[in-house]
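An overview of the molecular structure
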Amino acid sequence: METQYFSAIGLEIHAELKTNSKMFCGCKNDPDEKRPNVNICPVCMAHPGAIPVPNKSAMKKVAEVGLAIGGTIADFTEFDRKNYFYPDIPKGYQISQYKYPIVSGGELAGMTVTRIHLEEDTGTSKHDRGDYSLVDYNRAGVPLMELVTDTHVFDSMEEAAKIGSAFGKEYQLLLQYLGVSEANMEKGEMRVEVNISITNDKNKLGTKVEVKNLNSFRSAERAIMYELNRMKDLYEEGRQNEIVQETRGWNEAKQSTYSQRTKESAQDYRYFPDPDIPKFKLTEMFDLEEIKKGMPELPKQKRERFAKDFGIKAEDIESYINDRELGAWFEKIAHILGSAEKVKVASNYITSDFLGLKKNNSEIKMPSAENFAELITLVTDGKVSSRAAKDILAMIVINDASPLSIATEKDLLQKNDEGALKEIASKIISTNEKIVADYKGGKETALMSLVGQIMKETKGSANPAMASKILKELLG
Ligand code: ZN
Ligand code: MN
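Residues numbered from 1 in each chain as written. Chains lettered and ligands numbered in written order. Predicted model: local features only at pLDDT ≥ 70, side-chain atom pairs only at ≥ 80, totals over all residues. Heavy atoms only, no water.

1. Notes on the coordination of the manganese ion (ligand 2)
In this structure, His14 (NE2), Glu119 (OE) and Glu146 (OE) serve as the protein donors to the manganese ion (ligand 2), at separations of 2.1 Å. When the donor residues of the manganese ion (ligand 2) are listed from N- to C-terminus, their spacing reads H-x104-E-x26-E. Placement of the pair is Glu119 in strand β8 (residues 111-120) and Glu146 in strand β11 (residues 143-149), with a sequence separation of 27 residues. Here the two residues Glu119 and Glu146 agree in accessibility, since each one is buried. (Donors = N, O, S within 2.8 Å, 3.2 Å for Na, K, Ca; no water. Helix = DSSP H or I, 4+ residues; strand = E, 2+ residues; numbered from the N terminus. Buried < 20%, exposed > 50% of the residue type's maximum accessible area, 1.4 Å probe, protein only.)

Below, the structure written as structure tokens:
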């Protein structure tokens, strides 16, 4: 019998908060600053006697995230010193939170959250100089929010990989909707680490490894799959004791993980409460009910509302959730159109045609909601064919204009005028004797060929159904 393996994963996600100033000083928090060491001061450079002053707005942002995932906001909280030495951490310790994180519990995208705490970011080292390294402290002391999930055990590797990366994606969206972080993974504003282990005994977790350097959710999903497969192979070969507790990196080019360093023993950070920072009673600092009331619409609520109000496909909704500008544009169009039928057509044109054009050309812009809605109405009223609609769309995404004027000007309005169509049909019949004979001889498909000729003659502006009806009448 084949052995059943269980896959366990847990996530640790660090996100830089979007605040004006750093976590414990007045220095500018500017992730786009390119000049090294300009946003620094005695506090974030750890000069003797400099006293840290916590950033209240950063603390509020963490509370907001906690409320958004249904977590518990701590009444009492404090900051601790996490002691370790590294050149990018000028104090010799990082101010973090240990026993009393701001948030405990909560749920998002099918995973439960253990805690969210607040700490300060490190500086950045540059090791590209050969025999020496440089450190830039602009980032040192920037507010950094750390979320830790519970370890979840899954029956299948695929499920573990899918849920793990989906959690990261949903968390990123949440932070962006709340406006607390840009959470751009490529810029390092959001850093995802995954703890991964495999076991053949559901009641006993296996040795876990931690995978870092994940700069996209696709990488996260692939790294989880890669690592679980690597571990499974070792089990199958009876070499499971070769799985060691270690940190592994993700190599994007090779699409594989590699060992970075093994943990000899758990590092002792000698956490203790920072004596320079006061303790806080968050419930006295913030009105949590007020924060809840002031919260914007979140991805989950928006999903539900779009499904209920517009009845469109789930994948369409996802496009609007992921691209808020697109979602706002769609909503505006939907309100102009009003009818559910038209809204569905509009959504199809947006997600397949408009996004298709945009994918191939970065110049493509959203036309005004009014013009886009006008185009959809031309289609649903049968005034332009779907072929002509696609042509008009390709024009208005470059030069926004009224689709009705374009259709009139370019002679794209469907010829629904029976008299005019009859004339064209007669002409086609007289010039296509063979096809007409085929049709009369019982070959039904010959009629389609004649309709095609009429469409060609009218540059696609004839209504095919009407053309077919007229042909049948004329050919009696
Ligand atoms: Zn500073
Ligand atoms: Mn941390």
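Read on, since the account is not over.
2. A word on helix α3 (residues 217-236)
Owing to its 3.6 residues per turn, the α-helix aligns residues three or four sequence positions apart on the same side. With 20 residues, α3 ought to run about 28 Å at 1.5 Å a step, and its terminal C-alpha atoms sit 28 Å apart, in line with that. Buried-residue contacts for α3 involve β1 (6-16), α2 (157-178), β13 (190-199), β14 (209-214), β15 (246-251) and β16 (256-262). (Expected span 1.5 Å × (residues − 1). Contact = heavy atoms within 4.5 Å.)

3. Looking at the pairing of β13
Judged by how many residues are buried, β13 sits mostly within the fold: 9 of 10 residues are covered. Sheet topology note: the β1/β13 ladder contains 10 bridges and is antiparallel. The partner of Ala15 across the bridge, within β13, is Met190. With 4 bridges connecting them, β13 and β14 associate as antiparallel partners. From the neighbouring strand, Asn195 faces β14, where its bridge partner is Glu210. (Pairing = 2+ DSSP bridges.)

4. What to know about the coordination of the zinc ion (ligand 1)
For the zinc ion (ligand 1), the protein coordination sphere consists of Cys25 (SG), Cys27 (SG), Cys41 (SG) and Cys44 (SG), at 2.3 to 2.4 Å. Because the angles between the 4 donor atoms bound to the zinc ion (ligand 1) fall within 98 to 116°, the donor set is best described as tetrahedral. Read in sequence order, the donor residues coordinating the zinc ion (ligand 1) give the pattern C-x1-C-x13-C-x2-C. Remark: Cys44 occurs in the loop between β1 and α1 (56-68) and Cys27 occurs in the loop between β1 and α1; sequence separation between them is 17 residues. Owing to a relative accessible area of 4%, Cys44 belongs among the buried residues under this scheme. (Tetrahedral: all angles 85-135°; square planar, octahedral: opposite > 155°, others 65-115°.)

5. With respect to the environment of Val211
Along the chain, the position of Val211 falls in strand β14. Given a relative accessible area of 1%, Val211 falls into the buried group. Along the sequence, Val211 and Ala223 sit 12 residues apart, while their C-alpha atoms lie 7.6 Å from each other. If we skip the residues at most four places from it in the chain, Val211 touches Val192, Glu193, Val194, Ile196, Ala223, Glu227, Arg248, Gly249, Trp250 and Thr257.

6. Some thoughts on the domain arrangement of the chain
Each domain of the chain was delimited in the assignment, giving domain 1 (6-291), domain 2 (299-409) and domain 3 (418-475). The C-alpha centroid of domain 3 is placed 33 Å from the C-alpha centroid of domain 2. (Domains from an automatic or database assignment.)

7. Regarding the side chain of Thr257
Topologically, Thr257 is positioned in strand β16. Side-chain polar atoms of Thr257 contact the side chain of Glu227, separated by 2.6 Å. Polar contacts involving the side chain of Thr257 include one to the side chain of Arg248, which spans 3.1 Å. With sequence-adjacent residues up to four places away left out, Thr257 is seen in contact with Val211, Ala223, Tyr226, Glu227, Arg230, Arg248, Gly249 and Trp250. (Polar contact = N/O pair within 3.5 Å; in protein donor to acceptor, adjacent residues only side chain to side chain.)

8. Some words on the side chain of Thr351
Along the polypeptide, Thr351 turns up in helix α9 (residues 340-360). The exposure class assigned to Thr351 is buried, which follows from its relative accessible area of 17%. In terms of polar contacts, Thr351 uses its side chain to reach the side chain of Asp316, at 3.3 Å. A distance of 2.9 Å separates the side chain of Thr351 from the backbone oxygen of Ser347, its partner in a polar contact. Excluding anything up to four places from it in sequence, Thr351 contacts Asp316, Ser319 and Tyr320.

9. Overview of the sheet that holds strand β4 (residues 80-83)
The 3 strands lie next to each other as β5-β4-β17, forming an open sheet whose pairing is antiparallel. A strand with exactly one partner marks an edge of an open sheet, and here the two such strands are β5 (93-96) and β17 (272-273). Two strands pair when backbone bridges link them, and β4 and β17 are joined in this way by 2 bridges, in the antiparallel orientation. If you follow Arg81 over to β17, its bridge partner there is Phe272.

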